[in-house]
Amino acid sequence: MGSVHSIKLAGKPSVQSRERTPLRQVSSKLAAGLALSAFATFDSALAMVAPDGRILMTNPAFDQLFGDISAEDLPTQLQIESWQQAESAERIVPFPNGRSFKIKIMALPEGYFVCAGDITDQLAQAARDARLVRTDRLTELGNQRLLRERLQDLLESSPAVRNDCALLTVDLDRFKAVNDALGRNIGDALLCLVSKRIRSAVSGVDVVTRLYGDQFGIIQIGRPQPEAATILAKRLGDLLSRPYMLEGQLIDVTARVGIAPLAQAATDVDQVMKNADLALNRARQDQSKDYCVFESGMDETVKARRALETDLRRALALREFSLVYQPQFDLLTRRVTGFEALLRWNSPTRGMVSPLDFIPLAEETGIINPIGEWVLRTACRDAANWPADITVAVNISAVQFAHRTLATTVLSALSDIDLDPRRLELEITESVMLDARGTALGVLQRLRSTGVRVSLDDFGTGYSSLGYLRSFPFDKIKIDQSFVRGTLEDPGNRAIVRAIASLGQNLGMATVAEGVETAEHMERVAADGCTHVQGYLISRPIPPEQVAGFLAGNGAQKAACRDDPFLVA
Amino acid sequence: MPARPYRCVYWSRQRIDGTPEQVATEIESILTAARRNNAQLGITGALAVGRGIFAQLLEGPRQAVETAFENIQRDERHGDVQVLAFGPAEQRAFPGWPMAYVEPSQIGSQPAASTSTAAVGSTHLEARRLLDIIDSLAVEPQPRRD
């Protein structure tokens, strides 16, 4: 500091500013005096430190901040040694007295200029804020952000640490029902009780968070996996499913748990969370267990289903569906009276896909509605080319009944194609009748009043409630093939066939024995009182272009020329 | 209590492992904790133990009963909790008992907490009922535990 022209020289004067506004020249003495008084009155803690670390000069603010620390201890506590090489530096230095200081240091030609501030309260506030943004306000558990950050840390840690961790996701069956029935306040209070029960079941190091709604996420840390997570899941399933008492209400919910051990996962938080969700979904589907551990196959199963769904959505537009028809034979008149339309899917990439593989997915996703409408219209159009006394039977899924437009769809198909409603037969299963509000019954009654016939399919396999037979005047009961094929071995089956046939006779309903494959089957079901048969003995399902030839008397056996791998009836 | 007390009656399966002495010690500790907590909450009631079953009656202000019940639910020394009754009662059945202990000896089961000082006899109406609950449950097959 040889030539002090200005107090600004203590800092770093810029060349430009000097050019623009020339600084007033002052004497060295005056400059030194001004600098000193500024130093003394400045409200930040300032000090001059010798190159060897000795504190040469301090201002009153500095003395106030560090006055209770001895001159010997202070350089050590300020960690001045660690700055030796630095041109300038800024550090947060925790002191033994519990306070934290921000220390700024600038190298001078000889020694250092130090500026210090107590930021303990600032840090505490920042920590509170950090906690707050990672806390779920309702339950005071952590939130999704906390879970993701902790997962990220654990995924980046050593395999030994990571392998002993698992993510558990928990959700409650029927929580929405509680919310709807008892109100949000009780729903929220329930979530708080659930949180406390979860906390009581986990260990102190575990991370417990609420992700959203009634879904919770727990990271179990430092336990052998997946054994420990399985034990915890069982405990949670037990504890969380015990009754709750709130505002005078007794509440029952069931908890389900999905487990994703971190050892199995990719180093990606999203993947771990997805794995736990997949396991949770599996636990929801499997009613026998309230938890499930993720396995790599699950992801593939879900992917395969999604691929099937994509193909299924396209199949209709790409005209990959077709119908085949299986004749129904009247045992009394010894002639074919109608055909049941059966759906076939010939996928260019998958080949023939069994209805057993795609109908459940179509029902679940609602794709059954457009497919069902296509089946209905196609079957009616085909039947319009048949002799006027031949009927066509179309299967209608329970899902289609949930769709309001079913009756309109059926009636418009009939009128567009100008088919006599009496030639259309709707085959429904008992599941259709299970809808509590009776909308399906109303639709059936409306359709039947126009002449459309209704038959009850797969009778004897489900609930087989006789109440259904009373609640709706079915035209036909179709006896499931398992009873028909079994008649030879099992006298019980035969008794059932006989009972259903006699029931049909008394109620004025025709009875169709399905799955009749041999002459012996046919003889027996005829003797047991069935009015119609359907099955390989009469014919396999045939493509529409063969129906005319079949009816023209080519004979049942000759028509059975086309192998059909998915014979349903 | 100015308002009508709420009453909750439940039974559950005991899940304490150990010798009869260890079980008795555990039950004694349950009673001690219950009496301490219930006195603070203004709750009275009774606990009957026998044949692997707890039958308990809790009564007091509704929120206090709910709090006590929730604490009990978090206890893993029992399970398969079944609530038999919950609602307002005319009056307390066990006034002055933070948690009465109903002797199981009358129903011929394993002795437990026999040294308990606050035991009521089976002549008490509600105590008799708790014993009846245990009696009737003990002849039923054990529900599935997994």
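Residues numbered from 1 in each chain as written. Chains lettered and ligands numbered in written order. Predicted model: local features only at pLDDT ≥ 70, side-chain atom pairs only at ≥ 80, totals over all residues. Heavy atoms only, no water.

An unreviewed UniProt entry lists chain B under the name BLUF domain-containing protein, with Rhodopseudomonas palustris as the source organism.

Labelled according to an unreviewed UniProt entry, chain A appears under the name Bifunctional diguanylate cyclase/phosphodiesterase, originating from Rhodopseudomonas palustris.

A. A look at the overall build of chain A. Each helix and strand counted, chain A has 24 helices and 21 strands in total. Expressed as a percentage of its 569 residues, the buried residues of chain A come to 45%. Pairs at least 24 residues apart make up 61% of the contacts formed inside chain A by residues separated by at least 6 positions. When the accessible surface of chain A is summed, it comes to about 28800 Å², and 52% of that surface belongs to carbon and sulfur atoms. (Helix = DSSP H or I, 4+ residues; strand = E, 2+ residues; numbered from the N terminus. Buried < 20%, exposed > 50% of the residue type's maximum accessible area, 1.4 Å probe, protein only. Contact = heavy atoms within 4.5 Å. Areas by Shrake-Rupley, 256 points an atom, 1.4 Å probe, with all protein chains shown as cover.)

B. Structural context of the overall build of chain B. Along chain B, the regular secondary structure elements total three helices and six strands. From first element to last, N terminus to C terminus, chain B shows the α and β order β-α-β-β-α-β-β-β-α. Within chain B, contacts between residues at least 6 apart in sequence are counted, and of these 74% link residues at least 24 apart. Of the roughly 7000 Å² of accessible surface on chain B, 51% is carried by carbon and sulfur atoms.

C. Up close: the packing of helix α14 (residues 368-384) of chain A against helix α16 (residues 406-417) of chain A. All names here are of chain A. One way to put it is that α14 packs onto α16 with a least axis distance of 10 Å and a crossing angle of 30°. What the angle tells us is that α14 and α16 run roughly parallel. In this structure, the crossing between α14 and α16 has a hand that is right-handed. From α14, E373, L376, R377, C380, R381 and A384 reach across to α16, where they touch T409, V410, S412, A413, L414, D416 and I417. (Axes fitted to C-alpha atoms, helices over the stretch in contact; angles between N-to-C directions. Parallel < 35°, antiparallel > 145°, perpendicular 65-115°, else oblique. Left-handed = near helix turned anticlockwise from the far one by under 90°.)

D. Molecular detail of the side chain of N38(B). Residues and elements named next belong to chain B. Counting through the fold element by element, N38 comes out in helix α1 (residues 20-41). Classification of N38 by relative accessible area gives buried; the value is 5%. Beyond its immediate sequence surroundings of up to four residues, N38 is in contact with I43, L58, A68, P98 and M99.

E. Examining the pairing of strand β5 (residues 112-118) of chain A more closely. All names here are of chain A. The buried count for β5 comes to five of seven residues, which makes it a mostly enclosed element. Summarising the sheet, strand β1 (residues 45-49) and β5 pair through five bridges and their orientation is antiparallel. Among the inter-strand pairings, V49 is bridged to a residue of β5, identified as Y112. Where strand β4 (residues 100-107) and β5 come together, seven bridges link them in antiparallel fashion. Directly across from F101, in β5, lies its bridge partner D118. Counted between consecutive antiparallel strands, the loop separating β4 from β5 contains four residues, among which G111 sits at a positive phi close to 95°. (Pairing = 2+ DSSP bridges.)

F. Quick look at the pairing of strand β2 (residues 44-50) of chain B. Residue and element names in this part refer to chain B. Most of β2 is tucked away, with seven of its seven residues classed as buried. Side chains T44, A46, A48 and G50 of β2 all project onto a buried face; the interleaved residues G45, L47 and V49 project onto the opposite face, where all are buried too. Strand direction decides the pairing type here: β2 and strand β3 (residues 53-60), joined by seven bridges, are antiparallel. Along β3, the bridge assignment pairs V49 with F54. Counted along the chain from β2 to the antiparallel partner β3, the turn is two residues long, and its residue R51 has a positive phi close to 50°.

G. Just the sheet that holds strand β11 (residues 254-261) of chain A, in detail. Residue and element names in this part refer to chain A. Strand order in the open sheet made by the five strands is β7-β8-β6-β11-β12, with mixed pairing throughout. The sheet is open, and its two borders are formed by β7 (207-212) and β12 (291-293), each paired with just one other strand. Pairs of neighbouring strands in the sheet enclose a mean axial angle of 20°, with direction left out of account. Bridging between strand β6 (residues 166-173) and strand β8 (residues 215-220) involves six bridges; their strand directions are antiparallel. Bridging from a neighbouring strand, V170 pairs with F216 of β8.

H. Fine view of a nonpolar patch on the surface. On the surface, L36(A), L56(A) and M57(A) cluster together into a nonpolar patch covering about 280 Å² of accessible area. With respect to the helices, strands and loops of the structure, L56(A) is situated in strand β2 (residues 55-58). (Patch = residues over 30% accessible without salt bridge, like charges linked within 9 Å, V, L, I, M, F, W, Y side chains within 5 Å. Salt bridge = Lys/Arg side-chain N within 4 Å of Asp/Glu carboxyl O.)

I. Quick peek at the interface of chain B and chain A. Across the boundary between the two partners, chain B contributes 18 residues, which contact 16 residues of chain A. The junction of chain B with chain A conceals about 1500 Å² of combined surface from both sides, 53% of it contributed by carbon and sulfur atoms. Here R197(A) makes a salt bridge to E70(B), at a shortest N to O gap of 2.7 Å. Between the two partners, chain B and chain A, sit nine residue pairs in polar contact (both at pLDDT 80 or more). Of all the secondary structure elements, the ones that give two or more residues to the side of chain B that touches chain A are β1 (6-14), α2 (62-73) and β4 (78-88) of chain B. (Buried area = accessible area lost by both parts, 1.4 Å probe. Polar contact = N/O pair within 3.5 Å; in protein donor to acceptor, adjacent residues only side chain to side chain.)

J. A look at helix α21 (residues 491-507) of chain A. Residue and element names in this part refer to chain A. Taking 1.5 Å of rise per residue, the 17 residues of α21 would be expected to cover 24 Å, and the 24 Å separating its terminal C-alpha atoms lies within 8% of that figure. All of the buried residues in α21 are N493, V497, I500, A501 and G504. Viewed end-on, α21 has its buried residues packed into an arc of 100°, placing them on one side of the element. For α21, the exposed residues set more than 90 degrees away from the buried face come down to P491, Q505 and N506. For α21, the elements touching its buried residues are β18 (453-459), β19 (476-479), α20 (481-485), β20 (510-513) and α22 (519-527). Positive phi shows up at G508, right after α21, with a value of about 75°. (Expected span 1.5 Å × (residues − 1). Arc of directions from axis to C-beta.)

K. Here's a closer look at the environment of Y536(A). Looking at the secondary structure, you find Y536(A) in the loop between β21 (532-533) and α23 (547-554). C-alpha of Y536(A) to C-alpha of E514(A): the two residues are 22 residues apart in sequence and 9.5 Å apart in space.

L. Structural context of the sheet that holds β4(A). All names here are of chain A. Strands sit in the order β2-β1-β5-β4-β3 across an open sheet of five strands; the sheet is antiparallel. Strands at the two margins of the open sheet, each flanked by one partner only, are β2 and β3 (88-94). Each strand of the sheet is rotated relative to its neighbour by a mean of 25°, with strand direction disregarded.

M. Quick peek at unusual backbone geometry. Residue and element names in this part refer to chain A. Cis rather than trans, the peptide bond between Q225 and P226 has omega equal to 0°. Its place among the elements puts P226 in the loop between β8 and α10 (227-240). Despite not being glycine, E140 has its phi angle at roughly 65°, a positive value. Position of E140 among the secondary structure elements: in the loop between α5 (120-132) and α6 (144-156).

N. Structural context of the packing of aromatic side chains. Residue and element names in this part refer to chain A. One pass over the full model with this rule turns up 14 aromatic pairs over all chains. Ring geometry for F66 against F101: centres 4.8 Å apart, planes inclined by 50°, an arrangement best described as tilted. In this pair, F66 is assigned in helix α3 (residues 60-66) and F101 in strand β4, connecting sequence segments 35 residues apart. Geometrically, the ring pair formed by F339 and F550 is edge-to-face, given 6.0 Å between the ring centres and 70° between the ring planes. Of this pair, F339 sits in strand β14 (residues 335-347) while F550 sits in helix α23; the two residues are 211 residues apart in sequence, bridging distant segments of the chain. (Phe/Tyr/Trp six-rings, centres within 6.5 Å; stacked < 30°, edge-to-face > 60°.)

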